[in-house]
Amino acid sequence: MTEKEARKQILDMVKQYCSIYHSKKQFHEGDRISYASRVYDYKEISNLVDSALEFWLTSGRYTDEFEKRFAEYLGVRYCSLVNSGSSANLIAFMALTSPLLGERQVNRGDEVITVAAGFPTTITPIIQYGAVPVFVDVTIPQYNIDVTQLEAAVSRKTKAVMIAHTLGNPFDLKSVKEFCDKHNLWLIEDNCDALGSKYTINGEEKFTGTIGDIGTSSFYPPHHMTMGEGGAVYTSNPLLNKIIRSLRDWGRDCVCPSGVDNLCGHRFDRQFGELPLGYDHKYVYSHFGYNLKATDMQAAIGCAQLDKFPSFVQKRKHNFERLRASLEAVSDKLILPEACENSKPSWFGFMITCKNGVNKNKVVQFVESKGVQTRMLFAGNLIKQPCFDEMRKAGYGYRVIGDLAKTDIIMNDSFWVGVYPGMTDEMIDYMAKVIIEAIQQ
């Protein structure tokens, strides 16, 4: 038997195994409904096994394929696969600290405008580097940055804006982009919860994550597509891409991929800094970087997920609209989510805010008791989290614009449920029924 024949036999057996042991179970009322879950078939597992058979344990051919196809899907020039969405945010921000950016380099003590209603790893890199986050409030029912506060937030130290598209709902990209252009600021779009969302700007429809200078994605199992762990950083700026690749790959100056030597043809004949002439270019470092690469096995799963991804987006939209139509019956008790103007969200979740007289905690406990999983909007108000107690003790600074009143409402009165593409109409209808029952208690 040849290697090719043996591989085909193994992958045929994988397909058979998946049809038996990975088949989807039928939903019955009362079954647990997760807020998110993986959606896959034998193709993801076959790709995973195919990659494993090669035993190429770092990035390789599947990584190259994924980066190329993902960039083409988004309509950007460059994509770098990394090991998580949090790592993607880390690299995206740290890219702005590169001395290669000259006057636009973000230095310690410079300010970055963001929001406190979100996930912590959007701002963690800012704080850890020693830059200063400036928090502005958000709007309800879009749950995104309140752009009317941007001018109050800017100062002579402001260098960037770094914010997320909340639960798939794009923020007001037109206003934010115009603000950034006016003040010569970098814009990082944390697109981890919004892959597949679209926004029309200047008459052109684009994917979120591609309108700012850098976009980021997460491929953790609950997200829009998955590799298990994984993330991506993308841009159309060649200099930023060079910095991103360097930071991901130990901070090195060399661009040779794993297993390749002397791609440039000048490995041993150049002068770098105070190093000896001809010092091995593979061990020249232009940044203080990391090793944040993903494995080829992760990328193999991602390649199969990309084939399905457009259908995932459509199913998320369908599930969102079906749930929203059902909950209109209690819109006098609940604030239902609304899409940002000029956007087509790829919804990550369905956000709900309880109006006065409705106890969020009681609603959530009832819904959970009926098997429907809920989530808060991540940190709620991040500056009230215990990690900020330690930050204040350590003397790190931050600024707050206004009183973050809407952010506090979200922390106290809001929760969300899932609309992931594996949900059936029966599951959506059951969720709506349970939420309505909770309101009527």
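Residues numbered from 1 in each chain as written. Predicted model: local features only at pLDDT ≥ 70, side-chain atom pairs only at ≥ 80, totals over all residues. Heavy atoms only, no water.

Draft legend 1. Molecular detail of the overall build of the protein chain. In terms of regular secondary structure, the protein chain is built from 13 helices and 14 strands. A compact globule built from 441 residues should have a C-alpha radius of gyration of about 22 Å, and the protein chain, at 23 Å, falls within 12% of that. Judged by the C-alpha coordinates and their principal axes, the protein chain covers about 75 × 70 × 45 Å. Counting over 441 residues, the protein chain shows a buried share of 53%. Carbon and sulfur atoms provide 51% of the accessible area of the protein chain, an area that totals close to 19900 Å². In the protein chain, which carries 50 positive and 52 negative side-chain charges, the distance between the mean positions of the two groups comes to 1 Å. (Helix = DSSP H or I, 4+ residues; strand = E, 2+ residues; numbered from the N terminus. Rg over C-alpha atoms; globule rule 2.2 N^0.38 Å. Buried < 20%, exposed > 50% of the residue type's maximum accessible area, 1.4 Å probe, protein only. Areas by Shrake-Rupley, 256 points an atom, 1.4 Å probe, with all protein chains shown as cover. Lys, Arg positive; Asp, Glu negative; His and termini not counted. Charge placed at Lys NZ, Arg CZ, Asp CG, Glu CD.)

Draft legend 2. Focus on the layout of surface pockets. Volume-wise, the largest pocket comes out at about 670 Å³. Of the residues belonging to the lining of the largest pocket, the class tally is 8 nonpolar, 7 polar and 6 charged. (1 Å grid on protein atoms, 1.4 Å probe; cavity = no way out; pocket = protein on both sides within 12 Å on 5 of 7 lines; lining within 4 Å. Points joined across faces, edges and corners; volume = space filled by probe spheres on them. Nonpolar A, V, L, I, M, F, W, Y, C, P; charged D, E, K, R; others polar.)

Draft legend 3. Spatial organisation of the nonpolar core. In terms of nonpolar packing, the biggest core is built from 36 residues, with Phe-93, Leu-96, Ile-214, Val-233 and Phe-388 touching the most fellow members. In contact with Ile-214, other than residues within four places in its own chain, are Ala-92, Ala-95, Leu-96, Leu-187, Ile-188, Glu-189, Gly-209, Val-233, Tyr-234, Leu-240 and Ile-244. (Core = buried A, V, L, I, M, F, W, Y, C linked by side-chain atoms within 4.5 Å. Contact = heavy atoms within 4.5 Å.)

Draft legend 4. Up close: unusual backbone geometry. Here Ile-140 and Pro-141 are connected by a cis peptide whose omega angle stands at 20 degrees. In this structure, Pro-141 sits in the loop between β3 (132-136) and α6 (150-153).

Draft legend 5. Main features of the pairing of β3. Of all 5 residues making up β3, 5 are buried, and the element is well covered by its neighbours. Across the two faces of β3 the burial is the same, with Val-132, Val-134 and Val-136 and Pro-133 and Phe-135 all buried. For the segment spanning strand β2 (residues 111-115), helix α5 (residues 124-129) and β3, crossover handedness is right-handed. (Right-handed = clockwise from strand over helix to strand, strands pointing away.)

Draft legend 6. Up close: the packing of helix α3 (residues 61-74) against helix α9 (residues 296-327). It is the contact of α3 with α9, at a shortest axis distance of 7 Å, that shows an interaxial angle of 25 degrees. With respect to each other, α3 and α9 are oriented roughly parallel. In the packing of α3 onto α9, the handedness of the crossing is left-handed. Seen from α3, the contacting residues are Arg-61, Tyr-62, Thr-63, Glu-65, Phe-66, Arg-69, Phe-70 and Tyr-73; seen from α9, they are Asp-296, Ala-299, Ala-300, Gly-302, Cys-303, Leu-306, Asp-307, Phe-309 and Val-313. Counted by class, the contact of α3 with α9 contains 10 nonpolar, 2 polar and 5 charged residues. (Axes fitted to C-alpha atoms, helices over the stretch in contact; angles between N-to-C directions. Parallel < 35°, antiparallel > 145°, perpendicular 65-115°, else oblique. Left-handed = near helix turned anticlockwise from the far one by under 90°.)

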